[in-house]
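Architecture at a glance
Residues per chain are reported as follows:
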Amino acid sequence: SFHPQRRETRSTCCYCGVGCGVIITTEGQQIVDVKGDPEHPANFGRLCTKGSTLHLTAKLDARALYPELRLSRDLPRTRVSWDTALDHVVERFAEIINTHGPDAVAFYISGQLLTEDYYVFNKLAKGLIGTNNVDTNSRLCMSSAVAGYKATLGADAPPACYEDIDHTQCLFIAGSNTAFAHPIVFRRIEDAKAKNPDMKMVVVDPRRTDTAQLADLHLAILPGTDVALFNGLLHVMLWEGLLDMAYIRNHTEGFEALKETVREYTPKMVADICGVPEADIIQAAKWFGAGPTLSMYCMGLNQSIHGTEKNAALINLHLATGQIGKPGAGPFSLTGQPNAMGGREVGGMANLLSGHRDLANAEHRAEVARLWGVPDVPATPGKTAVEMFEAVKNGEIKAIWIACTNPAHSMPDLNNVLASLQQAELVVLQDAFNNTDSNVYADVFLPASTWGEKEGTVTNSERRITRVQPAAPKPGEARHDWEAVVDFAHRLAQKLGKPDTLFNYPNTETIFNEHRESTRGRDLDITGLSYQILETRGPQQWPFKSGASQGEARLYTDGVFQKPGGKAHFVSAVYKPTADKPDARHPFRLLTGRLRDQWHGMSRTGTLAQLYNHVEEPVVSMHADDMQRRQISEGDIVKLSNKRGELIIKVQQSDEVKPAELFIPMHWGSQFMHGLGVNVLMPPAFDKTSKQPELKHTAVKIEKL
Ligand code: SF4
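Residues numbered from 1 in each chain as written. Predicted model: local features only at pLDDT ≥ 70, side-chain atom pairs only at ≥ 80, totals over all residues. Heavy atoms only, no water.

**Here's the deal with the sheet that holds strand E2 (residues 21–27)**
We count it as follows: Here a strand pair is declared whenever DSSP counts at least two bridges between the two strands. Secondary structure elements follow DSSP: runs of H or I no shorter than four residues count as helices, runs of E no shorter than two count as strands, and numbering proceeds from the N terminus. To obtain each axis, a line is fitted to C-alpha atoms, and for helices this fit is confined to the stretch in contact; angles are then taken between N-to-C directions over 0 to 180 degrees.
Spatially, the 3 strands line up as an open sheet ordered E1-E2-E3, and their pairing is antiparallel. Strands at the two margins of the open sheet, each flanked by one partner only, are strand E1 (6–12) and strand E3 (30–36). Across the sheet, the mean angle from the axis of one strand to that of its neighbour is 30 degrees, orientation sign disregarded. Two elements, E2 and E3, share 6 bridges in a ladder whose sense is antiparallel.

**Examining the domain arrangement of the protein chain**
Quite often, the size of an interface is put as the accessible area lost when its parts meet. We apply this condition: Where each domain begins and ends is defined by an automated method or by a domain database. Contact between two residues is taken to exist if any of their heavy atoms lie within 4.5 Å; hydrogens are not considered. For this analysis, a salt bridge means a side-chain nitrogen from Lys or Arg found within 4 Å of a carboxyl oxygen belonging to Asp or Glu. N or O atoms within 3.5 Å of each other form a polar contact, as long as, within protein, one can give a hydrogen and the other can take it, and as long as residues adjacent in sequence are counted only when both atoms are side-chain atoms. Residue type decides the class: Asp, Glu, Lys and Arg count as charged, Ala, Val, Leu, Ile, Met, Phe, Trp, Tyr, Cys and Pro as nonpolar, and the leftover types, Gly among them, as polar.
Annotation of the protein chain at the domain level lists domain 1 (6–57), domain 2 (68–141 + 338–541), domain 3 (143–334) and domain 4 (588–704). One C-alpha centre belongs to domain 1, the other to domain 4; they are set 31 Å apart. If you look at the interface, domain 1 gives 9 residues, while domain 4 gives 9 residues. On inspection of domain 1 and its partner domain 4, the count reaches 0 salt bridges. Summed over the shared surface of domain 1 and domain 4, the result is 3 residue pairs in polar contact (both at pLDDT 80 or more). For the side of domain 1 that touches domain 4, the residue count by class is 5 nonpolar, 3 polar and 1 charged.

**Regarding the packing of helix H2 (residues 82–100) against helix H20 (residues 481–496)**
Rule in force here: In these notes the angle categories are as follows: under 35 degrees is roughly parallel, over 145 is roughly antiparallel, 65 to 115 is roughly perpendicular, and the rest is oblique. Here a crossing is taken to be left-handed if its near helix is turned anticlockwise relative to the far helix by less than a right angle, and right-handed if that turn runs clockwise.
One can describe the packing of H2 onto H20 by two numbers: an axis separation of 9 Å at closest approach and a directional angle of 50 degrees. Our classification of the angle between H2 and H20 gives oblique. Classified by chirality, the crossing of H20 by H2 is right-handed. On the side of H2, the interface is formed by Trp-82, Asp-83, Leu-86, Asp-87, Val-89, Val-90, Glu-91, Phe-93, Ala-94, Ile-97 and Asn-98, while H20 contributes Ala-484, Asp-487, Phe-488, Arg-491, Leu-492, Lys-495 and Leu-496. Residues of the contact of H2 with H20, tallied by class, amount to 11 nonpolar, 1 polar and 6 charged.

**Comments concerning the pattern of salt bridges**
Side-chain pairing between opposite charges can occur once the charged atoms of the two side chains come close. Stated precisely, the cut-off is as follows: Categorising residues by exposure relies on relative accessible area from a 1.4 Å probe, with only protein chains included: less than 20% of the type maximum marks a residue as buried, more than 50% marks it as exposed, and the intermediate range marks it as partly exposed.
Overall, the coordinates contain 49 salt bridges when judged by the stated rule. In this structure, Arg-554 and Asp-164 form a salt bridge, with 2.7 Å as the shortest nitrogen-oxygen distance. Of this pair, Arg-554 sits in the loop between strand E21 (540–541) and strand E22 (568–569) while Asp-164 is found in the loop between helix H4 (143–152) and strand E8 (170–174), placing the two residues 390 residues apart along the sequence. We classify Arg-554 as buried; its relative accessible area is 15%. Asp-164 sits in the buried class, given a relative accessible area of 0%. With a shortest N-O distance of 2.8 Å, Arg-520 and Glu-517 are connected by a salt bridge. You can call Glu-517 partly exposed: its relative accessible area is 35%.

**Let's talk about the sheet that holds E8**
Strand order across the open sheet formed by 5 strands is E10-E9-E8-E12-E13, with parallel pairing between neighbours. With partners counted over all chains shown, the strands left at the sheet margins are strand E10 (217–219) and strand E13 (330–333), one partner each. In this sheet, adjacent strand axes meet at a mean angle of 15 degrees when their direction is disregarded. In terms of strand pairing, strand E9 (residues 200–204) meets E10 through 3 bridges, oriented parallel. In the strand pairing of E10, Val-204 is matched with Leu-219. Against the sheet, helix H12 (residues 278–290) contacts E8, E9, E10 and strand E12 (293–297), and its axis sits at roughly 120 degrees relative to E10. Sheet strands in contact with helix H14 (residues 307–321) are E8, E12 and E13, and its direction is about 170 degrees off that of E12.

If you want it as structure tokens, here you go:
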């Protein structure tokens, strides 16, 4: 019905990397409805349960409305003005920087920030303060995908797009419960399968997930054995003559070494390592080789101490069969968070620089310094997520500013992270919600705007940039993340006696335009884009060069890669086991993953009753044989433990897990269950290249209480 103050605003869903477009309805200043944007190429009007209830989360209950400060840990925080809060942080940061150097402060930010927010945080750390200690929760999410792409294809650029789902003949999903984690992509897969019954779907996952249940072939490998499987597939394809030798010759290097490596990965050996039948390995190899093959992968590959090698070993299969750069073919990492891609584009991580540049590259540092008008960008790599909290714990980092993320829930080895937050001299927390596990550790709390209020841009899994427009005003005294950073940067520059010239941003568009300039001539060149184009012509994929009429749907269509000589590189990797191995005392492998209707630490989804209809409480899933052997019944309470901590939780019988394997969703934290969430048990061990920790797997003991 007509309402005089009813407005519609285009934005995106803030939950996952699918990046669905939404249209938000506002009455007066209140968000009252949300629907899928029928014109957005990520979802064509569809939304999943989480996205379609977004408007119900736009209420004030758990929102933080004003800044708070405490001058000592034994005092409660009290309400203060923004001036008081920011001046206090400036004082403390300046004092620490002047006494201990710039590397004694750090920023831990988020793949949920918009690209413009990300850009100014990165510039604040690297351009103004002079430290590379800026890392993000994307380190826990996509950094192995980044490292895998760079090692093989030469650039952090997913080559495929969603439309490839409609053209593929073999969809190879590895380490992704797409049905739950990326539901709208999964709807598209279901449609494609219904339209094309000949399309084959292979799912590699230790669990029989909803995704695996739709597969023509489910390879329920033992946790962490992906590299052995991928090498085995290559071995079979080599033997069966399924490789594209002309493509290998013309567009790649390193094949001879890889051939040597996979020689021993016979179906028999791989079947033994992975715990799947030889015939299934051969079948999967034949379907993959026939193509066109699109592989989709996520945390099952990334959150591993061998995440980079797992990614590379899968990309090897695409290169060796020429299944890349053509419709329906290519490796396609599904981004976990809504804007992990945008964060990578602006280089908002400890080892990256703006425009997909590398911190380790002196010329790249000089280019960014020129762009920013600063003498230099520091060369010393910053601390990555796990290292950062370790450095806070040992006193190397004294002040940490956390924005839009909840490390007291999402980091591995939580007891250690909590000890680290207690040890810090100063914790600044910038968040829209005041119900997160990290909240109690904050000395200074800065209230932020959130979904429906923010403006800027985001990039989804298929390199598509969408303009995010504000539908409602910020509540209370909340500020946009970028605004708080810019205000702080002006004050800090003055305090440190540095020229205050770096943060002249009256709005997000000026930040976007500077970021755009930083991409000139790079693989993600977006010099042909503007806010106006995004608003009038809708979301666009990068690269989108100056003068182009549209972005590129697929990369590497010409077989030229971002490596020296234009040739992609095969990475030879051998199978290595998980960080924690089951033993007599810890005989169970504990796996983690997502639920369909919850998101991350539930600060938003956990406030809605209807999102508990799917799964109403935290449980550990256990196989019936194990329950019988241990005389455990459905609903019994058990204690899971290892050297890092313990977790008390209810048991649910499930045929999704195999005997000797357990599963707990990652969402529940101390706000929603007794004790800390499942990450209290997870190891802080990380991949040596990507520095991504192994949040997917550990070994535990189980005791009935
Ligand atoms: Fe939001 Fe992801 Fe669901 Fe789309 S699939 S509506 S982006 S949570």
